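Descriptive analysis of the structure
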Amino acid sequence: MDYKQQFGQLDPKLKEVYERVMGTSVASSPQASPVPPKLVMPTPVASIPQPESPKPQMPQVPTAPQIQTQAISVKPHGHISPMVWILGGFTFVIIYALAWVKIFNFKLPFAP
């Protein structure tokens, strides 16, 4: 996408705002449409203050020597394999279903 070509197709008012905000002046290409631009009265707009030059950095103050420590890696001991979770969940569902079958005295077709 060619942004300079699209910039040439902008409304003159938008070009003016873009140039003011970006602080640049882009040469406009001739417009393809024979429509004359509208006369618009400029409205006063408060100028945006330009940022000041960067402030000088404070001189570096020497700090106390840092004590080097050795990093210790700790492995989590509570990690359970996903396969154990799946088997546990499956077992829970079966026991839960059998408990309700016993409570409501349902006859299962595969049970004697």
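Residues numbered from 1 in each chain as written. Predicted model: local features only at pLDDT ≥ 70, side-chain atom pairs only at ≥ 80, totals over all residues. Heavy atoms only, no water.

Before going further, it helps to spend a moment on the overall build of the chain. A tally of helices and strands in the chain yields three helices and zero strands. Taken from the N to the C terminus, the helices and strands of the chain come in the order α-α-α. Burial status across the chain gives 4% buried among its 112 residues. Here the chain has roughly 12000 Å² of accessible surface; of this, 67% comes from carbon and sulfur atoms. (Helix = DSSP H or I, 4+ residues; strand = E, 2+ residues; numbered from the N terminus. Buried < 20%, exposed > 50% of the residue type's maximum accessible area, 1.4 Å probe, protein only. Areas by Shrake-Rupley, 256 points an atom, 1.4 Å probe, with all protein chains shown as cover.)

Take a nonpolar patch on the surface next. There is a patch of nonpolar side chains on the surface, built from Phe92, Val93, Tyr96, Trp100, Ile103, Phe104 and Phe106 and spanning about 800 Å² of accessible area. Within the secondary structure, Tyr96 is located in helix H3 (residues 82-104). (Patch = residues over 30% accessible without salt bridge, like charges linked within 9 Å, V, L, I, M, F, W, Y side chains within 5 Å. Salt bridge = Lys/Arg side-chain N within 4 Å of Asp/Glu carboxyl O.)

This brings us to the packing of aromatic side chains. On inspection of all chains with the given rule, the structure shows four aromatic pairs. Ring centres of Tyr96 and Trp100 lie 6.3 Å apart, and the angle between their planes is 70 degrees; this geometry places the pair in the edge-to-face category. Linking Tyr96 with Trp100, this pair stays in helix H3, spanning four residues, or about one helical turn. The partly exposed category is assigned to Tyr96, whose relative accessible area is 47%. In this structure Trp100 comes out as partly exposed when scored by relative accessible area, which is 37%. An angle of 40 degrees between the planes, with centres 5.8 Å apart, marks the rings of Phe104 and Phe106 as tilted. An aromatic cluster of at least three residues, connected via ring pairs, comprises Phe92, Tyr96, Trp100, Phe104 and Phe106. (Phe/Tyr/Trp six-rings, centres within 6.5 Å; stacked < 30°, edge-to-face > 60°.)

This next bit is on H3. For H3, which comprises 23 residues, the first-to-last C-alpha distance of 33 Å matches the rise-based estimate of 33 Å (1.5 Å per residue) to within 8%. Downstream of H3 by one or two residues, Asn105 has phi in the positive range, about 55 degrees. (Expected span 1.5 Å × (residues − 1).)

With a phi close to 55 degrees, Asn105 is a non-glycine residue in the positive phi region. Mapped onto the elements of the fold, Asn105 is located in the segment after H3.

A word on the confidence of the model for the chain. Averaged over every residue, the pLDDT of the chain is 75; the share at 70 or more is 55%. Mean pLDDT values for the elements of the chain range from 66 in helix H1 (residues 3-8) up to 94 in H3. (pLDDT = per-residue confidence, 0-100.)

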